[in-house]
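Residues per chain are reported as follows:
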Amino acid sequence: MSKKSLVVYYTHSGNTKKIAELIAEKTGSTLFAIEPEKAYPTAYQAVVEQAKQEIRAGYRPALNSTIDVGDYNMVFVGSPNWWSTIAPPVASFLDEADFAGKTVVPFCTHGGGGMANVARDIAQLCPDSEVLNGFEIYGNGSARARGEVGAWLERIGIKL
Ligand SMILES: Cc1cc2nc3c(=O)[nH]c(=O)nc-3n(C[C@H](O)[C@H](O)[C@H](O)COP(=O)(O)O)c2cc1C
C-alpha cells in the first residue's frame, strides 16, 4: 500500500493557505481547505470578538464539506493562531474525522505569539495519533517561507 499524505487547513486571511500550499507542493500531498458553513466576518475586531466567545464556549461550527481521511496515513493540520489555540473550524474538523493510527503534523501562522497551544490542542483532539514536531511562522513568512518549510520538513524526517 502506498503512503499518501494530506494537508488540511483553515485560513481567514490567506497566510495559513500559503504555508499549506508550500507543504503540499514540497510533499506531493493532497490539499483540503476547511471552510465553515458561515464565514467569519472580515472586519478584524468583529472576528477577534466572535472567535474569543466561540473558543471560550468550545463551540464547533458546522463545516461546508469534509474529506475522507481514511485514504491518508499522514495528515498535516494547519490553523492560524487564534487566541493562542486553533481556529474553531479546525477543531470541528478534528472532532469529526478519525485520525487513529495516523501521523499528524501541526503547523500554524501567527501574529507574534508563535505556536502557543496550537500543537498541543491539535494533539489533544487526535489522541490515537503520532504527532510530529510542528511548524510555526509569523504572518505568511514572506520570502523566508519556502526555505523555512523545507528546513522543517527535513528536520522532522519527511523525505522530499
Ligand atoms: C480571531 C483572531 C485571533 C488571533 N489571535 C492571535 C493570537 O492569540 N496570537 C497571535 O500571535 N496571533 C493571533 N492572531 C493573528 C493571526 O494568527 C495571524 O494573522 C495569522 O497569520 C492569520 O492566518 P490566516 O491569514 O491564515 O487567517 C489572531 C487573528 C485573529 C483573526
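Remember, it's a predicted structure, so these values are computed and weren't measured experimentally.

Enquirer: What exactly am I supposed to notice about the packing of aromatic side chains here?
Expert: Aromatic ring pairs are defined here through the distance separating the ring centres and the angle between the ring planes. Applying the stated rule across the entire model yields 7 aromatic pairs. With a centroid separation of 6.1 Å and 75° between ring planes, the pair formed by Phe 76 and Trp 152 is classed as edge-to-face. Of this pair, Phe 76 sits in strand S3 (residues 74-80) while Trp 152 sits in helix H5 (residues 145-155); the two residues are 76 residues apart in sequence, bridging distant segments of the chain. Overall, the relative accessible area of 0% leaves Phe 76 in the buried class. On the basis of relative accessibility, which here comes to 0%, the residue Trp 152 falls in the buried class. Taken together, the ring pairs connect Tyr 10, Tyr 40 and Trp 82 into an aromatic cluster. Sitting over the ring of Tyr 72, Lys 4 keeps its end group 5.0 Å from the ring centre.

Enquirer: Can you help me understand the pairing of strand S2 (residues 30-33) in this one?
Expert: Regular strands have side chains that alternate between both faces of the sheet. Where strand S1 (residues 5-9) and S2 come together, 4 bridges link them in parallel fashion. Paired with Val 8 across the bridge in S2 is Phe 32. A crossover links S1 with its parallel partner S2, the connecting element being helix H1 (residues 15-27), and its sense is right-handed.

Scoring rules and cut-offs
Residues numbered from 1 in each chain as written. Predicted model: local features only at pLDDT ≥ 70, side-chain atom pairs only at ≥ 80, totals over all residues. Heavy atoms only, no water. Phe/Tyr/Trp six-rings, centres within 6.5 Å; stacked < 30°, edge-to-face > 60°. Helix = DSSP H or I, 4+ residues; strand = E, 2+ residues; numbered from the N terminus. Buried < 20%, exposed > 50% of the residue type's maximum accessible area, 1.4 Å probe, protein only. Lys NZ or Arg CZ within 6 Å of the ring centre and 35° of its normal. Pairing = 2+ DSSP bridges. Right-handed = clockwise from strand over helix to strand, strands pointing away.

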